[in-house]
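Coordinate analysis (summary)
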Amino acid sequence: MEQLTPAKVTPADPPGGAAGEEEKRRALRKMKLVALSFLLGATLVFLLTSWAQASGWPGWVGYVRAAAEAGMVGALADWFAVTALFRHPLGLKIPHTAIIPNKKDALGNSLGDFVGSNFLSEEVVRDKLKRVEIARRLGAWLAEPDNAERVTSELATVVRAAVKVLRDEDVQAIMEQAVARRIIDKPWGPPLGKILQGVFADGAHHKLVDLMCDRGYEWVRDNHTTMLRVVSDRAPSWSPKFVDEMLADKVYGEVLSFAWAVKTDVNHPMRLALDKFLGEFAQDLQTNPDVMARAEQVKGQLVHHEEVQRLIGSAWSTAKEMLLTAAEDPSSELRRRVRLGLTSLGQRLIDDDQLRSKADGWVEGAAAYLVKNYSREITTIITDTVERWDAEETSRKIELQVGRDLQFIRINGTVVGALAGLVIYAVAELLF
């Protein structure tokens with residue numbers, strides 16, 4: 001099977017886009033002309049001084065000729081050196097020329113190794129983070145209300161994006177499996193009994209009992225006719241009607257008096273009996289197997305009820321709407337608390353040396369872990385990216401970035417070569 005090779009890509013354009021690249025191209029051409037003018041100037045001087053020396057001009061012409069000759073050599077040598085970095089000089093494939101196109105991948109690997117060894121080592125990262133004091137700077141930044149508001153706004157954006165991306169049916173399925181199912185699978189009797197036992201021990205249920213007693217008394221008071229009909233319906237058929245009515249009135253009066261006594265007397269035997277029953281019921285929910293089993297049956301009936309199932313299914317929709325509303329409203333309680341929490345955290349990072357030291361330790365540890373275990377993967381980004389670049393285009397881009405400065409090497413080569421040639425000629429004349 002034919003092996004597929006990754007397509008070559010061009011390196012990213014420099015900042016400034018096409019206009020910035022064109023400006024650098026013009027500057028490079030200008031500097032190339034300046035460097036070339038130095039070479040042409042040295043060549044012209046060399047030719048004139050050679051003619052003058054042949055024509056019998058004075059001896060000083062030899063000094064100028066030697067300087068010009070050496071300047072030409074230096075200019076040509078440096079031109080060759082600079083050109084050999086990016087292409088073959090004059091198109092001739094001389095060994096060790098066009099270094100950047102030919103050695104692009106090796107340069108990328110070397111750059112990755114250099115970055116990994118000198119910038120992504122654990123010691124370097126820890127030392128840099130320790131001197132930066134990230135926790136103190138972060139605390140000072142978060143302590144500013146505007147910055148806390150900015151972070152809150154960004155967090156709200158993240159929350160909105162995350163909530164909108166999630167599919168409702170997936171979240172509901174997770175809620176049913178991970179949350180609702182875990183609640184259903186656990187026995188309800190013991191924890192419910194423990195809660196009720198605490199409530200009954202504190203007397204927090206008395207207000208509910210008061211309400212039930214009030215409602216019971218009001219029902220008896222307002223349903224005199226119903227009470228009479230119940231008694232009459234259960235009376236013997238041979239009983240005279242006036243006797244039934246008298247008996248019904250008597251029963252109604254007793255029931256009404258009983259309801260009033262329960263309503264008004266907090267120490268009524270009925271109330272005390274109810275307290276005792278509730279206490280025993282809470283204890284049975286924790287220890288009595290029969291009561292616990294019945295509680296599980298009630299739980300099953302309750303959970304599988306249609307309304308409860310509909311409530312579980314709509315829980316995420318309700319929560320989602322609440323989150324989106326709170327995230328979008330800058331004055332919501334959620335965002336207000338987040339802002340206050342961030343500013344409070346920032347102030348603590350400024351004032352609390354122990355917390356600040358602990359936060360710095362966390363950051364250093366996390367960064368050290370990353371560079372220790374993933375530095376190779378990080379530097380691979382450099383090597384892989386350079387490897388995918390087109391060689392010729394890469395060479396052109398690099399020359400565009402640094403070529404203008406490299407032209408000074410040609411200029412300096414011309415000047416330094418001329419001075420060296422002058423010194424060498426002068427020393428030779430003195431010695432010989």
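Residues numbered from 1 in each chain as written. Predicted model: local features only at pLDDT ≥ 70, side-chain atom pairs only at ≥ 80, totals over all residues. Heavy atoms only, no water.

Scanning the chain from terminus to terminus reveals 18 helices and zero strands. Counting across all 432 residues of the chain, residues that qualify as buried make up 27%. Split by element, the accessible area of the chain, about 28,900 Å² in all, is 63% carbon and sulfur. (Helix = DSSP H or I, 4+ residues; strand = E, 2+ residues; numbered from the N terminus. Buried < 20%, exposed > 50% of the residue type's maximum accessible area, 1.4 Å probe, protein only. Areas by Shrake-Rupley, 256 points an atom, 1.4 Å probe, with all protein chains shown as cover.)

The next point concerns the pattern of salt bridges. According to the stated counting rule, one finds 20 salt bridges in the structure shown. The closest approach of N and O atoms between Arg126 and Glu364, which form a salt bridge, is 3.8 Å. Here Glu364 lies in helix H17 (residues 353-388) and Arg126 lies in helix H5 (residues 122-132), a separation of 238 residues in the sequence. Residue Glu364 is classed as buried on the basis of its relative accessible area of 11%. Where salt bridges share partners, they join Glu22, Glu23, Arg25, Arg26 and Arg29 into one cluster. (Salt bridge = Lys/Arg side-chain N within 4 Å of Asp/Glu carboxyl O.)

Let us look at the UniProt feature "transmembrane region" (unreviewed entry) in the chain. Under the UniProt annotation, the feature "transmembrane region" (unreviewed entry) is placed at residues 33-54, 66-86 and 408-428. When the span residues 33-54 is considered, its composition is 100% helix and 0% strand, and the gap between its end C-alpha atoms is 31 Å. Secondary structure across residues 408-428 divides into 100% helix and 0% strand, with the first and last C-alpha atoms of the span separated by 30 Å. (UniProt positions renumbered as here; feature names shortened; annotations may be inferred.)

With that out of the way, let us pick up the environment of Met270. Mapping Met270 onto the fold places it in helix H13 (residues 269-287). The spacing of Met270 and Ala259 is eleven residues in sequence and 9.9 Å in space, taken between C-alpha atoms. The residues touching Met270, leaving out its near neighbours within four places in the chain, are Phe258 and Val262. (Contact = heavy atoms within 4.5 Å.)

In this section: the packing of aromatic side chains. Here a ring pair, both rings aromatic, is described through the centre-centre distance and the interplanar angle of the planes. In total, this model carries five aromatic pairs according to the counting rule given. Ring-pair connections join several aromatic residues into one group, and the members of that group are Trp51, Trp57 and Trp60. (Phe/Tyr/Trp six-rings, centres within 6.5 Å; stacked < 30°, edge-to-face > 60°.)

Let us look at the nonpolar core. Judged by nonpolar contacts, Val115, Leu120, Val125, Leu129 and Val371 together constitute the single largest core of five residues. The residues touching Val115, leaving out its near neighbours within four places in the chain, are Leu120 and Ile382. (Core = buried A, V, L, I, M, F, W, Y, C linked by side-chain atoms within 4.5 Å.)

Attention shifts here to a nonpolar patch on the surface. Among the surface-exposed residues, Val45, Trp51, Trp57, Trp60, Tyr63, Val64 and Leu422 lie close enough to one another that they form a single nonpolar patch of about 670 Å² accessible area. Every element with two or more residues in the nonpolar patch is listed here: helix H1 (17-54) and helix H2 (60-86). When residues of the nonpolar patch are assigned to their parent elements, the largest contribution, three residues, is made by H2. On the secondary structure map, Tyr63 appears in helix H2. The exposure class of Tyr63 is partly exposed, given its relative accessible area of 30%. (Patch = residues over 30% accessible without salt bridge, like charges linked within 9 Å, V, L, I, M, F, W, Y side chains within 5 Å.)

For the rest of this paragraph, the subject is unusual backbone geometry. For Leu90, which is not glycine, the phi dihedral falls at a positive 55°. Turning to its location among the elements, Leu90 is positioned in the loop between H2 and helix H3 (99-102).

Bringing the confidence of the model for the chain into the picture now. Mean pLDDT over the chain works out to 81, with 89% of the residues at or above the 70 mark. Here helix H8 (residues 168-185) stands out as the least confident element of the chain, with mean pLDDT 67; H2 is the most confident, with 91. Confidence over residues 1-5 falls short of pLDDT 50; this stretch has zero contacts with residues more than four positions distant or in other chains. (pLDDT = per-residue confidence, 0-100.)

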